[in-house]
Amino acid sequence: MTPAPESTDDHLVSLSKDGDLDAFNSLVDRYQDAVYNLCYRILGHREAAADATQEAFLSAYRAIRTFAGGNVRSWLLRIAANQSKDELRRRKRKDRAGSLDQYVDIAGAALEVADPAPGAAAIVERRELSALVQRALDALPFDQRQAIALVDIGGLRYEEAAEALGVSLGTVKSRIHRGRDRLRGYFRSHPELLEGHWRLDE
Amino acid sequence: MSFAGLFRPHRRWRGMVDAYADGELDADDVRRFEAHLGGCHACRAQVDAARAIRSFLADAPVESAPRSFRVTPAMLQAEGRAPAHAAGGARGAFAFMRASQALAGVAVLAFAFLVVVDLSGSTTGDDDDGNAGAAMQTADRMSAPDDAMGASPAAETEAVPEGTAPPEDIKGPSADDGSEATLALRDTGPPADEDGGRSSLRIAQLVAAALAVLAIAGYAVARRTTREQRA
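Right, let's walk through the structure included here. No experiment lies behind these values; they were computed from the predicted model shown.

Observations concerning the overall build of chain B
Counting secondary structure elements, chain B contains twelve helices and zero strands. Going residue by residue from the N terminus, the α and β elements of chain B occur as α-α-α-α-α-α-α-α-α-α-α-α. Out of the 231 residues belonging to chain B, those deemed buried represent 35%. For chain B, the proportion of contacts with a sequence separation of at least 24, taken over those separated by at least 6, is 70%.

Dropping the structure here:
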């Protein structure tokens, strides 16, 4: 279903500010993949990512009147990054009561996936590639992963990320730098992943 | 390569690699960094790696939403009725923290007050006849079981908290079996109000001490919970 020409982001936002939930849900339809994707890349856990995504949209709707204009996608991703951290905290707290192994991957340990990919040229499955990306990200501590996901996957500028996370620009720079350092080390042990640039065989 | 560049610690350049690759450096820094790149193979390699990593992540498959995340009125009502649990929980925990702080303070003060009353009471009690002294010992043995537990009768008679020496004649029979002597003393009925007063004072002290301990423990737990919930 293609949105009508007048249903630009700005138009939908202004309707939402007037309490038009349907208009807001059109924005949800438009950006839920991007939001879910970011939450998943940050948390490494599908169920947690789903919860964080729903909370992000709820939070966005409640805060829509404070949206002062600009890029709606960036604004939603900023909310998503914060909700991801909140979701992590909520789950860690619940853990005290009992089961915990399922959340080991949230803490940043590597995901368990099938054997490492044979080589760039041989990788044709979208799913395998996605798992590789996640495995690399899971090698990072949470703060670095969150910053790198926002900038490299979400496409935010450093300044936007700093504002979103409530930290200084220097902190974002430092997290990106340290996170990329770790990823460099990770890729050094998996050199086939960065040969030239990624290319999927048809 | 600039002469000044020779003396800049190389770490400074390393720190600029990612910002440069991401187009986040201002024009002046870009000029300086590119001048450095001209003569630094290591940094060039780092920039290439940064760009490759960024492409790798930017081109990663987008994980599609597994279901619709549309917001429903029911969701909004649920949020409205019970405030977002993080905020509500924090509010509740903060309130509990403050309450337990207050309770702990009051309980500790009450305990201290009761001890002072006890001390001043026992000093006057020493001037009275032996009955009052006996009543004091009685109360000691009855209301301070932890002191008596495991202590030999001889030790028990010495372990009077207030530090006043009880009359010897009362102690004699009780040295063998404290509880029986206690009962005997009760039967003979020392001044009921003094005895009762001592007992209830002890009990009040114990209650105050227990409340203080519980309140302090509760405060510690609430403090930990609220610290976690802070952003």
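Thoughts on the interface of chain A and chain B
Listed as interface residues are 47 residues of chain A and, on the opposing side, 41 residues of chain B. Taken over both partners, the interface formed by chain A and chain B buries close to 4300 Å², and the fraction arising from carbon and sulfur atoms is 56%. Linking chain A with chain B are eight salt bridges, by the criterion used here. Note that A:Asp181 is salt-bridged to B:Arg14, the shortest N-O span being 3.3 Å. Our count for the chain A to chain B interface comes out at 21 residue pairs in polar contact (both at pLDDT 80 or more). Elements represented by at least two residues in the side of chain A that touches chain B include exactly α2 (21–43), α3 (46–63), α4 (72–95), α5 (126–138), α6 (142–153) and α8 (169–188) of chain A.

Structural notes on the nonpolar core
A:Phe24, B:Phe33 and B:Leu57 are the most contacted members of the largest nonpolar core, which has 77 residues in total. Considering each element in turn, this core owes the most residues, 13 residues, to α2(A). The residues contacting B:Phe33, other than those within four sequence positions of it, are B:Trp13, B:Met16, B:Val17, B:Tyr20, B:Leu25 and B:Val47.

With respect to the packing of aromatic side chains
Think of a pair of aromatic rings as described by two things: how far the centres are apart, and how the planes are tilted against each other in angle. A complete count under the given rule lists eight aromatic pairs over all chains for this structure. Look at A:Tyr186 and A:Phe187: their rings are 5.8 Å apart centre to centre, the planes differ by 80°, and that puts the pair in the edge-to-face class. A:Phe187 matches A:Tyr186 in its accessibility class, with the two residues each being buried. Taking 6.2 Å as the distance between ring centres and 45° as the angle between the ring planes, the aromatic pair formed by B:Trp13 and B:Phe33 counts as tilted. One end of the pair, B:Trp13, is in helix α2 (residues 10–21); the other, B:Phe33, is in helix α3 (residues 27–39), with 20 residues separating them in the sequence. Looking at B:Trp13, the relative accessible area reads 3%, which means it is buried.

About the thresholds
Residues numbered from 1 in each chain as written. Chains lettered and ligands numbered in written order. Predicted model: local features only at pLDDT ≥ 70, side-chain atom pairs only at ≥ 80, totals over all residues. Heavy atoms only, no water. Helix = DSSP H or I, 4+ residues; strand = E, 2+ residues; numbered from the N terminus. Buried < 20%, exposed > 50% of the residue type's maximum accessible area, 1.4 Å probe, protein only. Contact = heavy atoms within 4.5 Å. Buried area = accessible area lost by both parts, 1.4 Å probe. Salt bridge = Lys/Arg side-chain N within 4 Å of Asp/Glu carboxyl O. Polar contact = N/O pair within 3.5 Å; in protein donor to acceptor, adjacent residues only side chain to side chain. Core = buried A, V, L, I, M, F, W, Y, C linked by side-chain atoms within 4.5 Å. Phe/Tyr/Trp six-rings, centres within 6.5 Å; stacked < 30°, edge-to-face > 60°.

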